[in-house]
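Below are the chains, spelled out letter by letter.
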2 protein chains.
Amino acid sequence: MGSIARIGRVAHATLGAQAYESLRDLLIAGELAPGERLSLRTLAERLGTSVMPAREAVSRLVADEALEVLPNRAVRVPVLTLGTFRELTRVRIAVEGFAAAEAARAVGPGDLGAIRAHDAAFRSEVLAPEPDLEQAMRANRDLHFAVYRAAGLPALVAIVEGLWLRIGPVLNLDLRSSRRRLAEGGAQVHHARLVAALAAGDPEGARAALAADIAGSADFIETTGRLTP
Amino acid sequence: MGSIARIGRVAHATLGAQAYESLRDLLIAGELAPGERLSLRTLAERLGTSVMPAREAVSRLVADEALEVLPNRAVRVPVLTLGTFRELTRVRIAVEGFAAAEAARAVGPGDLGAIRAHDAAFRSEVLAPEPDLEQAMRANRDLHFAVYRAAGLPALVAIVEGLWLRIGPVLNLDLRSSRRRLAEGGAQVHHARLVAALAAGDPEGARAALAADIAGSADFIETTGRLTP
DNA sequence: TGCCGTGATCTGTGATCACACTTAGGCTCG
DNA sequence: CGAGCCTAAGTGTGATCACAGATCACGGCA
C-alpha cells in the first residue's frame, strides 16, 4: 500500500459552504454596506449556481445575525445602532480580553513567532508612506486571531468570529473612508503592549492591552458618527 | 383603529424556523443522545413537511456546532470528548461569569423577582420527595437565562445559548441517569449565593457563585465517566 | 468456512418548479 | 395635471425531482 496511502482527502466542499464563506468574507471585509439588500437569485447568479446554495449561505448568516430578514422577508445586512455597537464592544472586550489572557498562559514559541510576524506586517503597512488599508486590516485581523487561537480554545475562536462578522461591515466601511487615522489610532502601541505581555506570560497585561485596542478602535468608529443613534 | 391595533403579530413562523426550534429544544433537553444519527427525510416526515425545512434546521444547527456532518456527509449529534467538554466548561465560566457580573450591575426589581421565582421553583422541585428532573432542569435553565438577560446584553445571551446547545445533550442525558445527585450537587447553594450577590449588586460575588455552579455540575458530569477520553 | 464483489436502499446535495406576497411603475380616470 | 389603482416583475419559501456517493446485506467464489 505504498502510493494508495498518500492521496489526501478530496477537500469535500459543498457549494453551499463555498457560498457561505464567500458571503462571509465579503461581510467581514466590509464590502457590503449596512442596509444593503440582498437577493437570493442575484446572489445565485453571481455565484454561478442555483438559488439553493445561496439560500443555505444566507440562512446561516441570518442565524449568526450577520444578516437580517425584515418583516417583508427581505434580506439585508443589518444597520447597527449606536447602542448595539456599544453592546458588541463591551462583549468583545470581555470575550476577546479573556482569550488574550488565556493566550498569555498557553502561548508557545511557534504561536509567538506567528503573532510577531503579523504584528510586524501591520506596523510596516501602517507606517508606509502609501499604506494599503486592506492589507493593514488583514494583518490586524490575522494578528488578533493568531492570539485567540493561541489560547487553545477553539470554541472561543468561533464565538469571536461571530462577533467580528457583526461588526465587520461598520468597522471596515469606516476604515475605508479615512486614511491615516489608522496610524493615529495608536493600534500599534496596543499591539506592542499585547505582544510584550504575551511573551512575558502576563495574562492581565495582555487583557488590558487588547481591551485598550478594542476600545480605541471603537472610539474612532463612534467619532465618525456614521452609526444610527 | 380600536381593534385593528390589538392583533399581535401573526407569529411569522417559517416552517424552517419551526423545525429549527423543535430540533433545538430536543437537543437542549438532551432528548437526542450524543452519536445519534439524523436523517433529513425521517426528520421531515416526523415534522409533517418536506425535506426543505428539515434541511434548513439541520444546516443552522451544524453551523452552531450543535450537530456535525461526518466525512460520509451523515449528520449526527456530536460526541464530546473529555477535552472538548472541559474546554466548553472553561469558556462557559468566563462568558457566563461575565454575564452574571454584568447582571449584578444592571439588574432591576422586575428581573430580580423573576430570578427569585425560578430559584424557588428549582429548589422546591429538587427538595421534593419525588423530584421531576425535567421540571428541575427547566427551572435551572430559566434561572440561568433570567440572570443572563438581566445583564442587558442580548448578544451575550445568544452566545450562551450556543454554548448550552453544545453541552445540552451530555448534560441532560447524564442528569437523567441518576436521580438524587441533583440535590447533592449543591446547586441550590450556589444559586442562593448567586441571587444574594445579584440583590446586593456584587458583581464579583455573582461571578464566583455562578462559576462554582458551573464547575460543580461539570465535576458531576465528569464523574459519571460517560465522556469519551 | 471465510471473504470479497454486487445489488438495492438510503443518505445529503443541487436544480427546477409552484405559490403567496411585496413592490415599483405605468396607465387610466377624475 | 395629479392621484389612485393595477398589472407585472421580483421576492423568499416550500415541494418535488434528479443524482452521486455511502451503507449494508446477501450470495457466490476461493
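The structure this text deals with has already been given above.
Cut-offs used in this document
- Residues numbered from 1 in each chain as written.
- Chains lettered and ligands numbered in written order.
- Predicted model: local features only at pLDDT ≥ 70, side-chain atom pairs only at ≥ 80, totals over all residues.
- Heavy atoms only, no water.
- Helix = DSSP H or I, 4+ residues; strand = E, 2+ residues; numbered from the N terminus.
- Buried < 20%, exposed > 50% of the residue type's maximum accessible area, 1.4 Å probe, protein only.
- Contact = heavy atoms within 4.5 Å.
- Areas by Shrake-Rupley, 256 points an atom, 1.4 Å probe, with all protein chains shown as cover.
- Salt bridge = Lys/Arg side-chain N within 4 Å of Asp/Glu carboxyl O.
- Polar contact = N/O pair within 3.5 Å; in protein donor to acceptor, adjacent residues only side chain to side chain.
- Nonpolar A, V, L, I, M, F, W, Y, C, P; charged D, E, K, R; others polar.
- Least-squares fit on C-alpha atoms with pLDDT ≥ 70 in both.
- Pairing = 2+ DSSP bridges.

A. A look at the overall build of chain A. Per the secondary structure count, chain A includes 10 helices and three strands. Listed N to C, the secondary structure of chain A is α-β-α-α-β-β-α-α-α-α-α-α-α in terms of helices and strands. Counting every position in chain A, which comprises 229 residues, the buried fraction comes to 46%. In chain A, of all internal contacts separated by at least 6 residues, the share reaching a separation of at least 24 is 74%. Carbon and sulfur atoms provide 52% of the accessible area of chain A, an area that totals close to 11,300 Å².

B. Local environment of the interface of chain B and chain A. Contacts between the two partners involve 27 residues from chain B and, on the opposite side, 27 residues from chain A. Linking chain B to chain A there are two salt bridges. Applying the counting rule to chain B against chain A returns four residue pairs in polar contact (both at pLDDT 80 or more). Here the element with the most residues in the side of chain B that touches chain A is helix 4 (residues 82-106) of chain B; it accounts for eight residues. For the side of chain B that touches chain A, the class distribution of residues is 15 nonpolar, two polar and 10 charged.

C. Structural view of the relation of the copies chain B and chain A. Relative to chain A, chain B is turned by 180° and slid 0.0 Å along the rotation axis, the superposed coordinates differing by an RMSD of 0.1 Å. The relationship between the two copies is best expressed as a two-fold rotation axis. When C-alpha distances to the rotation axis are compared across chain B, the minimum falls at Arg60(B), with a value of 2.8 Å. Taken as a fraction of all interface residues of chain B, those also at the interface in chain A reach 96%, which identifies the copy contact as same-surface.

D. A look at the sheet that holds strand 1 (residues 37-38) of chain A. Residues and elements named next belong to chain A. If you walk across this open sheet you meet the three strands as 1-3-2, and the pairing is antiparallel. Taken across any chain shown, the strands that pair with only one partner, and hence form the sheet edges, are strand 1 and strand 2 (68-69). Strand direction decides the pairing type here: strand 1 and strand 3 (residues 75-76), joined by two bridges, are antiparallel. Across the sheet, Arg-37 pairs through a bridge with Arg-76, a residue of strand 3.

E. A look at the environment of Ala218(B). All names here are of chain B. With respect to the helices, strands and loops of the structure, Ala-218 is situated in helix 10 (residues 203-224). Between the alpha carbons of Ala-218 and Thr-89 there is a distance of 7.0 Å; along the sequence they are 129 residues apart. When neighbours within four sequence positions are excluded, Ala-218 is seen to be in contact with Phe-85 and Thr-89.

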